[in-house]
Amino acid sequence: MSQQLIFEPDFSAVRFEDGTEVKFTRMEKRALAVFSTSAGRVLSRDYLLDAISEHGSEKSDRNVDFLINRIRAKLRDSAKNPKFIETRYGEGYVWLFTGTSASNDAEAAFIVIAPLKGLATLGEFEENGLALVPFLQADFRSQIPPDETVMIAQDVEGVSASVARGQKIDVQISFFQYGSGVECVVSARRLPGGHIFVVRRFPIEAGPEGYQNLSVQSRTLTRLIMANYWQDIAQKGIGEAPLPIAMHHAAELPKDSNSWEIANRRLTDLRTEQPDDPALKMMWATHLHTKYVLNGYDLFTNGEDTCAADEAEIEQSVLDALDYAQTRPELAVMAAKLLYFVDQGYRDLALELAARAHKSNTAIASSLAIVGQLHSFTGDMEMAENYLLQAEQLSTPKSDFQIYALTLLCQAYKASGNHTRLAATMKRMHKARPATMLIFEPLFSDPISPSLRAKAITLLMSRKRATGLLKFVTYLSARLFENPEHRQNSLLTPVNLLVRRFGPEVVPQETALHLPQLQRSNSKK
């Protein structure tokens, strides 16, 4: 379509490419709203008549024809060569425009807004009521990946046909009279299947204040819908990967986005609505731990870590949800890992909880990975290797879960000093995902004869980032190994590399505590 038009959200006016603005009457606005939600589909005169007629007004097919002619004139459209409204003789009219306010293809959409019901009940609230659809469309677009779409399609058949093409959410809107005013019910259905997972009812108010309130309702509602959708996808994903990876995948990530920030926004919205939900408490505790997995290097480098506060919140959230978590083994095993992580005297409880959950867990690959890591922390390296190798074998090649299992296996081999198997595991990891070399070479290379790549990466670091890296490794894993030798082994490679470059002062106190040899060396100076 060569012409570029921009409609006002309430269809009160349209602006052409040349800057000309044309205003529409009340009935014209209503007709345009109906057309915009049914692009590419034939609307009969009877359908249009029912949709646009005022209560108690005289209904006539000729009224529709006159109205269409007026709209065409304002849009500079031609009945013979239409660009906006096409006449289908004996059937009705078709809206052709595919610009800002309408689309004729809902089949590949992430979200479809359809159908709209009860438009004729809006009356004096019409101006604000009709603005709801573009509000929702814009707010949804701001929350989904840029390569996904939000479409508007009035008829139910069009929505049903789109399920096979990958549509995920259908949003239906109904307006109805209530007392002396008009209210609206918006329901979100998950597709395929049509399960309703969010429903909200609110009044449609007239005037500027009502318009502003509707904008706020739209932002709140779309955030809640996307948060609930995210939670459902994450919970279903636990069967294939541990909870933190399932939460990462549920974010529907655009390229280069931060999955933790997306999850943070979703969880914040959900916890506002359901502050006592135990499933959300477990997700929130996992989310706080994941903050250090994904962003810990930067947090420690920039002095933005809040470990004590986060650990206290993780501990409280897990304890609050513990009864519920024990009814779901896939959550119980994660609860065990988190209680062990906060290191507040829960060791025996965490190990007992993990062992019990592992016996009944059907999400066996996830369970093997987490319980395997706990075995490595407690010093049972043979059992840790057994579990983690099985987890890797059960993972999908090149998946995030495979990288997760391989990382835990590398940590175990590094702690036990098994450099031969560590090197072989590193090769598998680099083959599965070459980018991991930049992250793990300075951590897992041989501590005495580090690789050239490890040395090169270290040379690119500033002193500040070098100290941040050591804090990160110490906090996330090294401090959790119960055997002092295992703690030292976990830290030797990065410490040796960075001390050679910057001197012993680069090593932070929390890292030096686990390296007696370094402490003795410093005390002699």
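Residues numbered from 1 in each chain as written. Predicted model: local features only at pLDDT ≥ 70, side-chain atom pairs only at ≥ 80, totals over all residues. Heavy atoms only, no water.

Of the residues in the protein chain, 89% reach a pLDDT of 70 or more, and the chain-wide mean stands at 87. Counted against residues more than four places away or in other chains, residues 155-165, with its pLDDT under 50, gives 16 contacts. (pLDDT = per-residue confidence, 0-100. Contact = heavy atoms within 4.5 Å.)

Examined against the element boundaries, Phe140 turns out to sit in helix H4 (residues 126-141). The exposure class assigned to Phe140 is buried, which follows from its relative accessible area of 0%. In contact with Phe140, not counting residues within four places along its chain, are Ile111, Val150, Val171, Thr222, Ile225 and Met226. (Helix = DSSP H or I, 4+ residues; strand = E, 2+ residues; numbered from the N terminus. Buried < 20%, exposed > 50% of the residue type's maximum accessible area, 1.4 Å probe, protein only.)

Here the focus is the pattern of salt bridges. By the definition in use, this model includes 24 salt bridges. For Arg26, the salt bridge goes to Glu126, with nearest N and O atoms at 3.8 Å. One end of the pair, Arg26, is in helix H1 (residues 26-36); the other, Glu126, is in helix H4, with 100 residues separating them in the sequence. Put simply, Asp400 and Arg433 hold a salt bridge, and the shortest N to O gap is 2.8 Å. One end of the pair, Asp400, is in helix H15 (residues 400-416); the other, Arg433, is in the loop between helix H16 (419-432) and helix H17 (436-444), with 33 residues separating them in the sequence. Bridged by salt links that share partners, the residues Arg26, Arg30 and Glu126 form one connected network. (Salt bridge = Lys/Arg side-chain N within 4 Å of Asp/Glu carboxyl O.)

Next up on the list: the pairing of strand E11 (residues 195-204). Where strand E10 (residues 181-190) meets E11, 9 bridges bridge the pair, whose relative direction is antiparallel. Within E11, the residue paired with Val185 across the bridge is Arg201. Hairpin geometry of E10 and E11 is characterised by an intervening segment of 4 residues between the two adjacent antiparallel strands and by a positive phi of about 110° at Gly193. (Pairing = 2+ DSSP bridges.)

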